[in-house]
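A structural walkthrough
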Amino acid sequence: NYRLQMDIFKVLTEDNNSIEFELPKFDHGFSKLLVDMLWKEKNVIAAAYNKSHPLVGIVKVFLQTNGKVKPRDVLQTVLKLIIDKNLNLKKQISKL
């Protein structure tokens, strides 16, 4: 089950075509991956992240869609893709 676990996100603002949230448990690595994958979705018109300081601070992510899809739905789709890719990588590594 890949339902979006919003307890790992702290939503700051949200409307029909945009969402801004914090990722308190994640750093640049995951944030960069998430934003890069979001940009590959056809209904995304903006995706970015910011961390005020590399050693301290919380990652903030902004996502905007064209309105055809809700931002949470796009986010859920991309998180599922990331999970699937990681599971596939784990299987490939275990075969070595």
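For the structure itself, consult the block above.
Residues numbered from 1 in each chain as written. Predicted model: local features only at pLDDT ≥ 70, side-chain atom pairs only at ≥ 80, totals over all residues. Heavy atoms only, no water.

**Here's the deal with helix 2 (residues 71–94)**
Here is the rule we go by: Only DSSP runs of H or I covering at least 4 residues are called helices, and only runs of E covering at least 2 are called strands; the numbering of each starts at the N terminus. The span expected for a helix works out to 1.5 Å for each residue beyond the first. Only protein chains enter the accessibility calculation, which uses a 1.4 Å probe; a residue is then buried when its area is under 20% of its type maximum, exposed when over 50%, and partly exposed in between. Any two residues having at least one pair of non-hydrogen atoms within 4.5 Å are treated as being in contact.
Between its first and last C-alpha, helix 2 extends 35 Å over 24 residues, near the 34 Å set by a 1.5 Å rise per residue. Among all positions in helix 2, only Pro71, Val74, Leu75, Val78, Leu79 and Ile82 are buried. Considering only its buried residues, helix 2 is in contact with strand 2 (18–23), helix 1 (28–39), strand 3 (44–50) and strand 4 (59–65).

**Some words on the packing of aromatic side chains**
Quick note on the threshold: Working definition: a ring pair exists when centres of Phe, Tyr or Trp rings (six-membered ring for Trp) sit within 6.5 Å. Plane angles under 30 degrees give stacked, over 60 give edge-to-face, the rest tilted.
Throughout the structure, instances matching the rule amount to two aromatic pairs. Between the aromatic rings of Phe9 and Phe21, the centroid separation amounts to 4.8 Å while the plane-to-plane angle is 75 degrees, which identifies the pairing as edge-to-face. In this pair, Phe9 is assigned in the segment before strand 1 (10–14) and Phe21 in strand 2, connecting sequence segments 12 residues apart. Of the residues examined, Phe21 reaches a relative accessible area of 0% and is grouped as buried.

**Some thoughts on the pairing of strand 1**
Here is the key point about a regular strand: its side chains alternate between the two faces of the sheet. Heads up, the condition is: Note on pairing: DSSP must find at least two bridges between two strands before they are called paired.
One ladder, built from four bridges, connects strand 1 with strand 2; its direction is antiparallel. If you follow Thr13 over to strand 2, its bridge partner there is Glu20. Count of turn residues in the strand 1/strand 2 antiparallel hairpin: three residues.

**Notes on the sheet that holds strand 2**
We apply this condition: Only the stretch in contact is used when fitting a helix axis, every axis being a line fitted to C-alpha atoms; angles between N-to-C directions are given from 0 to 180 degrees.
Here four strands make up an open sheet; going across it, the order is 1-2-4-3 and the pairing antiparallel. A single partner strand is all that each edge strand has here, and the edge strands are strand 1 and strand 3. Across the sheet, the axes of successive neighbouring strands diverge by a mean angle of 15 degrees, strand direction being ignored. The sheet contacts of helix 1 involve strand 2, strand 3 and strand 4, and relative to strand 3 the element is tilted by about 170 degrees.

**Section: helix 1**
Quick note on the threshold: Picture the helix axis, draw a direction to every C-beta atom, and the arc is the one those directions span.
The terminal C-alpha atoms of helix 1 lie 16 Å apart, and with 12 residues this matches the ideal 16 Å at 1.5 Å per residue to within 8%. Those residues of helix 1 that fall on the buried side of the exposure criterion are Phe30, Ser31, Leu34, Val35, Met37 and Leu38. All buried residues of helix 1 project into a common sector of 165 degrees when viewed along the axis, lining one side. Where helix 1 is buried, its residues touch strand 2, strand 3, strand 4 and helix 2.

**Examining the pattern of salt bridges**
Test applied: Counted as salt bridges are all cases of a side-chain nitrogen of Lys or Arg within 4 Å of a carboxyl oxygen of Asp or Glu.
For the structure shown, the criterion picks out three salt bridges. Where Glu14 meets Arg72, a salt bridge forms, and the shortest distance between an N and an O atom there is 2.7 Å. In this pair, Glu14 is assigned in strand 1 and Arg72 in helix 2, connecting sequence segments 58 residues apart. A relative accessible area of 40% means that Glu14 is categorised as partly exposed. A salt bridge links Lys32 to Asp36; its shortest N-O distance comes to 2.9 Å. One end of the pair is Lys32 and the other is Asp36, both in helix 1 and four residues apart, which spans about a single turn.

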